[in-house]
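Results of the structural survey
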Amino acid sequence: MRDEMQSSEQRGDSQEAEKKGVYIRTFGCHMNEYDTQKLYKILEKEYRPVDAPEKADLVLINTCSVREKPEQKLYSMLGEMKPLRAQRPDMMIGVCGCVAQQEGERILKNARGVDFVFGTHNLSLVPSLIQLRKNGAPPQAAVDYREEWEELPLGFADHDPTRLGQAGHVTAFVSISRGCNKNCTYCIVPTTRGPEVSRSLEEIEREVRIAVHRGSKEIVLLGQTVNSYGLDLSPRMTFVKLLDRVAAIPGVERIRFTSPHPQEVRQDFIDFVVSNPKVCRHIHMPLQSGSDRVLRLMNRNYRRSKYLSIIEALKDRVPEMAITTDIIVGFPGETEEDFRQTLEVMELVQFDNSYSYAFSPRPGTPAAEMEEALTQEQKLERLQELQALQEKLTDAKLNSWVGREAEVLVDNHNRLHENCFQGRISQNFVANFLQPHEAVTLGSLVKVRIADRKRFTLIAEPA
């Protein structure tokens, strides 16, 4: 029997080695990362993941168009691929993601050597696009919107992320919706991913159960506006009901989600996240600006007082609740006073961390048509001042953890210390173990004492 099992494993390894190689370079958000996982599963009958384009027969570039830089990275990478393509003329190159959805045929015209382009709603068409090209068809672009949810391939949640170079199965990302109905004036997402479409509760639960069966302890729910989940379903579902159903699944130890919109925060949401022990003590709540005038220009549909009242309600009941945020600096029409109001909100909230960017106009958005009063240099000056303030706030938060106890979910290996691990506390700070411990294994939840801190991380010892 043992010889038969070994023979079966050898055949499996041989079949895997005979497959062609696929390399996917992913830019952008967790939704793009999630789509990349789907693509690996869709292609697995013919292709095996490889870790470099030089080893690949198929290269896919999964793009982001939220800011200008990822779009520039696409054309930069396509330029880097030219010498490789000259050496390997049979290699195929595809472009997908938000830039692909937005640009479509223009990518084929502007970048010779691209074999096909497909949008955020068309992942299931990739095998057909590959076959068409192999059969001699000209380069194709598939960027049609689909009103229905493009469900995961059968067995997607069984896909082994370790084959993709990720760490174990401790954290599972589960998409609950796609698209957005908010129409913020600076944002291209409603154009690239379409209107909001919620995934069925049954499919979400199915994927979570399979992930837990395979060893996941932490579930991260993904959506452009997670807390408007289910409003398009019939009968209607709410995000709080979804959270309750996910929390009830045996084996789920932690729940995270990104990102809620302040406009959609209700009392039942606050009650649930502060009272359910499985919901991590960390909320990512985008602010974008601390100025009511700029929030109106952004079409954010909430004001500074609403935002601050949400944070106050959360921290009043859970003082250790970590709050992170997104901020745009230099939006068209932003005055010095507007910018100072943003800094003031940062001081009031005491953000644990923030993701901040200088405004970059996206073609096709209302903000791209607004007159800008600031130069790029002025935007960057404000961005540097804001980030310096955030570094001071984060530094104080990290210092406050030294000497305290916390619980760490061990989710990765420590790259600098052999046989050691790292993980995250509920508030999402990374905690490193500098010594091997029997109690610390991949996937374990460990009570720790925070012994020290580095620049951006904590040093943990089992309590």
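Each remark here, short or long, concerns the structure printed above.
Our subject in this report is the structure included herewith.

1. A closer look at the environment of Gln-435
With respect to the secondary-structure elements, Gln-435 resides in the loop between strand 17 (430-432) and strand 18 (445-453). Overall, Gln-435 belongs to the exposed group, its relative accessible area being 51%. For the pair Gln-435 and Val-448, spaced 13 residues apart in sequence, the C-alpha to C-alpha distance is 13 Å.

2. Focus: the pairing of strand 14 (residues 353-358)
Here strand 14 shows a buried face lined by Ser-354, Ser-356 and Ala-358 and an unburied face lined by Asn-353, Tyr-355 and Tyr-357. Following the backbone out of strand 13 (residues 322-329), through helix 13 (residues 336-349) and into the adjacent parallel strand 14, one traces a crossover that is right-handed.

3. Structural notes on the packing of aromatic side chains
By the definition in use, this model includes 8 aromatic pairs. Consider the rings of Tyr-186 and Phe-331, whose centres lie 6.3 Å apart with planes at 85 degrees: the pair is edge-to-face. Taken together, the residues span a long stretch of sequence, with Tyr-186 in the loop between strand 8 (177-178) and helix 7 (189-192) and Phe-331 in the loop between strand 13 and helix 13 at a distance of 145 residues. Here the two residues Tyr-186 and Phe-331 agree in accessibility, since each one is buried. Ring geometry for Phe-239 versus Phe-257: centroids 5.3 Å apart, planes at 85 degrees, classification edge-to-face. One end of the pair, Phe-239, is in helix 9 (residues 239-247); the other, Phe-257, is in strand 11 (residues 254-258), and 18 residues separate them in sequence. A single burial state applies to Phe-239 and to Phe-257, both of which are buried. Cluster of aromatic residues (ring-pair linked, three or more members): Tyr-186, Phe-331 and Phe-359. Geometry around Trp-401 places Arg-404 over its ring, the cationic atom sitting 3.9 Å from the centre.

4. Concerning the nonpolar core
Counting 63 residues, the largest nonpolar core has Leu-221, Phe-239 and Phe-257 as its most contacted members. With 6 residues, the single largest contributor to this core is helix 9. Leave out the neighbours within four places in its chain, and Phe-239 touches Ile-176, Leu-221, Val-226, Asn-227, Tyr-229, Phe-257 and Phe-269. Membership of the second largest hydrophobic core comes to 22 residues, among which are Val-50, Ile-61, Val-99 and Val-117.

5. Comments concerning the environment of Val-212
Residue position: Val-212 is located in helix 8 (residues 201-213). Residue Val-212 is classed as buried on the basis of its relative accessible area, which comes to 16%. In the structure, Val-212 is positioned 42 residues away from Val-170 in sequence and 8.7 Å away in space, judged by C-alpha atoms. When neighbours within four sequence positions are excluded, Val-212 is seen to be in contact with Pro-250, Gly-251 and Val-252.

Thresholds applied
Residues numbered from 1 in each chain as written. Predicted model: local features only at pLDDT ≥ 70, side-chain atom pairs only at ≥ 80, totals over all residues. Heavy atoms only, no water. Helix = DSSP H or I, 4+ residues; strand = E, 2+ residues; numbered from the N terminus. Buried < 20%, exposed > 50% of the residue type's maximum accessible area, 1.4 Å probe, protein only. Right-handed = clockwise from strand over helix to strand, strands pointing away. Phe/Tyr/Trp six-rings, centres within 6.5 Å; stacked < 30°, edge-to-face > 60°. Lys NZ or Arg CZ within 6 Å of the ring centre and 35° of its normal. Core = buried A, V, L, I, M, F, W, Y, C linked by side-chain atoms within 4.5 Å. Contact = heavy atoms within 4.5 Å.

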